[in-house]
Amino acid sequence: QVQLVESGGGLVQTGGSLRLSCVASGFTFSSYTMRWYRQASGQERELVATITSTGGGTNYADSVKGRFTISRDNAKNTVALQMNSLKPEDTAVYYCNVIWRVKNYWGQGTQVTVSS
């Protein structure tokens, strides 16, 4: 079955950096677009970044452009999110996502907290 396991969250000060990782299993990772979402307390889940199956195409939410970088290693079935210049408004639970056989799959999420 499809499994996504995120790691790398934590508490960081404004301006700091974190690197999130997601290890995928249960599907042919190299064939699928991967996404990172986040959900702040009391808010809807929002798309943060997308990367195509080969890694040749990426897209970002306007709120993170120039600060976050999504990448993938198809040999290791991992997708990462490098987050720099973090702001308090980046505080959220971050989720890895794949749409496999028309169904959304999510990891358990990793908490990112940015203190001011």
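Our subject is the structure that appears above.
Figured I'd write up the structure that's included with this text. (Residues numbered from 1 in each chain as written. Predicted model: local features only at pLDDT ≥ 70, side-chain atom pairs only at ≥ 80, totals over all residues. Heavy atoms only, no water.)

For the rest of this paragraph, the subject is the overall build of the protein chain. Helix and strand counts for the protein chain stand at 0 helices and 11 strands. Each helix and strand of the protein chain, ordered N terminal to C terminal, gives the series β-β-β-β-β-β-β-β-β-β-β. Its C-alpha radius of gyration of 13 Å places the protein chain within 12% of the 13 Å reference for a compact globule of 116 residues. Each of the three principal axes of the protein chain carries a C-alpha extent, and together these read 40 × 30 × 20 Å. Burial status across the protein chain gives 42% buried among its 116 residues. Long-range contacts, defined as pairs at least 24 residues apart, comprise 52% of the intrachain contacts of the protein chain with a sequence gap of at least 6. For the protein chain, the exposed surface amounts to about 6,100 Å²; the carbon and sulfur share of it is 45%. Both charge centroids of the protein chain, one from 11 positive and one from 7 negative side chains, sit 8 Å from each other. (Helix = DSSP H or I, 4+ residues; strand = E, 2+ residues; numbered from the N terminus. Rg over C-alpha atoms; globule rule 2.2 N^0.38 Å. Buried < 20%, exposed > 50% of the residue type's maximum accessible area, 1.4 Å probe, protein only. Contact = heavy atoms within 4.5 Å. Areas by Shrake-Rupley, 256 points an atom, 1.4 Å probe, with all protein chains shown as cover. Lys, Arg positive; Asp, Glu negative; His and termini not counted. Charge placed at Lys NZ, Arg CZ, Asp CG, Glu CD.)

Examined against the element boundaries, Phe29 turns out to sit in the loop between β3 (18–25) and β4 (34–39). Residue Phe29 is classed as buried on the basis of its relative accessible area of 2%. Filtering out sequence-adjacent residues up to four positions away, Phe29 remains in contact with Ala24, Met34, Arg72, Asp73, Asn74, Asn77, Thr78 and Val79.

Where β4 meets strand β5 (residues 46–51), 5 bridges bridge the pair, whose relative direction is antiparallel. Note on β5: the bridge partner recorded for Arg35 is Thr50. When β5 meets strand β6 (residues 58–60), the two strands line up antiparallel, connected through 3 bridges. Residue pairing for β6: Ile51 is matched across the bridge by Thr58. (Pairing = 2+ DSSP bridges.)

Within the open sheet, the 4 strands sit side by side as β1-β3-β8-β7. Their pairing is antiparallel. Among the strands making up the open sheet, the edge pair consists of β1 (3–7) and β7 (68–73). Between one strand axis and the next, the sheet turns by 15° as a mean value, whatever way the strands run. When β7 meets strand β8 (residues 78–83), the two strands line up antiparallel, connected through 6 bridges. The residue of β8 that forms the bridge with Arg72 is Val79. (Axes fitted to C-alpha atoms, helices over the stretch in contact; angles between N-to-C directions.)

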